[in-house]
Amino acid sequence: MRKPIIAGNWKMHKSIADGVAFINEIKGQVADTDVETLVCAPYTLLASLVEVAKGTNIKIGAQNMHFEDKGAFTGEVSADMLKEIGVTHVIIGHSERRQFFAETDETVNKKTHKALAKGLTPIVCCGETLEQREADETKTVCKTQIVKAFENISAEDAPKVVIAYEPIWAIGTGKTASSQDANDVIAYIREVLVGLYSDAVSEEVRIQYGGSVKPSNVEEIMNEADIDGALVGGASLEASDFVQLVNF
Ligand code: 13P
């Protein structure tokens, strides 16, 4: 059985004070869940959030990291730096990083290797643009991104990776892929994993859907057989919404 994982991606939102208040508000309301509960916050909030989440079932993740251990990489943060403060997860290859910060399939692969080597759980994102969807390229695009992301990742490590399928046209637009469409693509990603590894590995890897997930549609999405979680932007910013998402 794959453990469901609901993750908030706060993107570039919230002060430390706001983030700490958020965790304090939700911690009692998500305590009884079997769902892996994760908040991915901006770097400046991470240490404070790890501190306030201690003793709860809420995990704290970063939204990016560099693939080198150290060096002259102005503005970057390493896996060790994240580990040092108690971060457990890291989003890798979010479409906004691909679009605005020159993230490539190659850097996604390097970062995935590094995260695994350091014991961080990588959440590797894939997904197509509206143009690609309209050209019927959704599956090809996702396959290319996933094959490259998993290049030289061992069958032992592969199940430690979480995949997030996030169609770009559904991010922050209020347009959600139908739960059936999302499940079709995610089932296809699972087939790709069968080809790369085996049935057993493919069955173990958790795959989230992301793109305008909100309290009103989370249950339908989570009811799909191949969807194991959600990566949520806008609706993760309000504590009451996030609580509903986790308790879908
Ligand atoms: P929204 O939930 O705001 O559409 O964002 C999705 C996303 O990009 C999560 O990583």
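Refer to the structure above for everything that follows.
Here's a quick rundown of the structure.

1. Some thoughts on the pattern of salt bridges
Close approach of charged atoms lets side chains of opposite charge pair. One pass over the structure, following the stated rule, counts 17 salt bridges. We note a salt bridge from lysine 54 to glutamate 51, for which the minimum N-O separation is 3.1 Å. For aspartate 69, the salt bridge is made with lysine 118, and the minimal N-O distance between the two is 3.6 Å. Here lysine 118 lies in the loop between helix H5 (105–117) and strand E5 (121–126) and aspartate 69 lies in the loop between strand E3 (58–62) and helix H3 (79–84), a separation of 49 residues in the sequence.

2. Considerations on the packing of H5 against helix H7 (residues 138–149)
Relative placement of two packed helices is described by the angle separating their axes and the distance separating the axes. At their nearest, the axes of H5 and H7 sit 8 Å apart, and the two run at 40° to each other. By the angle class used here, H5 and H7 are oblique. In the packing of H5 onto H7, the handedness of the crossing is right-handed. From H5, Asp105, Glu106, Val108, Asn109 and Thr112 reach across to H7, where they touch Thr144, Gln145, Lys148 and Ala149. A per-class count over the contact of H5 with H7 returns two nonpolar, four polar and three charged.

3. Topic: the sheet that holds E5
Read around the closed barrel, eight strands run E1-E2-E3-E4-E5-E6-E7-E8, paired in parallel fashion. Mean inter-strand twist for the sheet, computed between neighbouring axes without regard to direction, equals 25°. As defined by bridge partners, strand E7 (residues 206–210) adjoins strand E8 (residues 229–232) across three bridges and the pair is classed as parallel. Across the sheet, the residue bridging to glutamine 208 is glycine 229, located in E8.

4. So, the packing of aromatic side chains
Inspection of the entire model under this criterion finds five aromatic pairs. Taken together, the aromatic side chains of Trp10, Phe22 and Phe242 make up a single cluster linked through ring pairs. A cation sits over an aromatic face here: lysine 14 above tryptophan 10, 5.1 Å from the ring centre.

5. A few points about the side chain of glutamine 145
Locating glutamine 145 in the fold gives a position in helix H7. With residues near it in sequence (within four places) discarded, glutamine 145 still touches Arg98, Asp105, Cys126 and Gly127.

6. What about a negative patch on the surface?
A contiguous patch of negative charge on the surface is contributed by Glu131, Glu134, Asp136 and Glu137. Within the fold, glutamate 137 resides in the loop between helix H6 (130–134) and H7. We classify glutamate 137 as partly exposed; its relative accessible area is 35%.

7. As for the environment of glutamate 166
Position of glutamate 166 relative to the elements: it lies in the loop between strand E6 (162–165) and helix H8 (179–196). What glutamate 166 contacts, discounting residues up to four positions off in sequence, is His94, Cys125, Cys126, Gly127, Glu128, Ile171, Gly210, Gly211 and Leu231.

8. Some words on the pairing of E7
Counting buried positions over the five residues of E7 gives five, a clear majority of the element. Here E7 shows two buried faces, one formed by Arg206, Gln208 and Gly210 and the other by Ile207 and Tyr209. Pairing between E6 and E7: four bridges, direction parallel. Bridged to isoleucine 163 within E7 is isoleucine 207.

9. Focus: the site of the ligand
In the neighbourhood of the ligand, 13 residues make up the surrounding shell, with Lys11, His94, Gly172, Ser212 and Gly234 lying closest. A distance of 2.8 Å separates an oxygen atom of the ligand from a polar backbone atom of glycine 233. Here the ligand loses 95% of its free accessible area of 310 Å² to cover by the protein chains. Mapping the ligand onto the cavity grids shows that it belongs to the second largest pocket. Taken together, the residues of the shell around the ligand sort by class into four nonpolar, seven polar and two charged.

10. Considerations on the packing of H7 against H8
Remark: H7 packs on H8, axes separated minimally by 10 Å, with the N-to-C direction vectors making an angle of 45°. In this view, H7 runs oblique relative to H8, as classed from their interaxial angle. The handedness of the crossing between H7 and H8 comes out as right-handed. Every residue of H8 that contacts H7 at Thr138, Lys139, Cys142, Lys143, Ile146 and Val147 is listed here: Val185, Tyr188, Ile189, Val192, Leu193 and Leu196. Class assignment for the residues of the contact of H7 with H8 results in nine nonpolar, one polar and two charged.

About the thresholds
- Residues numbered from 1 in each chain as written.
- Predicted model: local features only at pLDDT ≥ 70, side-chain atom pairs only at ≥ 80, totals over all residues.
- Heavy atoms only, no water.
- Salt bridge = Lys/Arg side-chain N within 4 Å of Asp/Glu carboxyl O.
- Helix = DSSP H or I, 4+ residues; strand = E, 2+ residues; numbered from the N terminus.
- Axes fitted to C-alpha atoms, helices over the stretch in contact; angles between N-to-C directions.
- Parallel < 35°, antiparallel > 145°, perpendicular 65-115°, else oblique.
- Left-handed = near helix turned anticlockwise from the far one by under 90°.
- Contact = heavy atoms within 4.5 Å.
- Nonpolar A, V, L, I, M, F, W, Y, C, P; charged D, E, K, R; others polar.
- Pairing = 2+ DSSP bridges.
- Phe/Tyr/Trp six-rings, centres within 6.5 Å; stacked < 30°, edge-to-face > 60°.
- Lys NZ or Arg CZ within 6 Å of the ring centre and 35° of its normal.
- Patch = residues over 30% accessible without salt bridge, like charges linked within 9 Å, V, L, I, M, F, W, Y side chains within 5 Å.
- Areas by Shrake-Rupley, 256 points an atom, 1.4 Å probe, with all protein chains shown as cover.
- Lys, Arg positive; Asp, Glu negative; His and termini not counted.
- Charge placed at Lys NZ, Arg CZ, Asp CG, Glu CD.
- Buried < 20%, exposed > 50% of the residue type's maximum accessible area, 1.4 Å probe, protein only.
- Near = heavy atom within 4 Å.
- Polar contact = N/O pair within 3.5 Å; in protein donor to acceptor, adjacent residues only side chain to side chain.
- 1 Å grid on protein atoms, 1.4 Å probe; cavity = no way out; pocket = protein on both sides within 12 Å on 5 of 7 lines; lining within 4 Å.
- Sits in = over half its atoms within 2 Å of the grid points.

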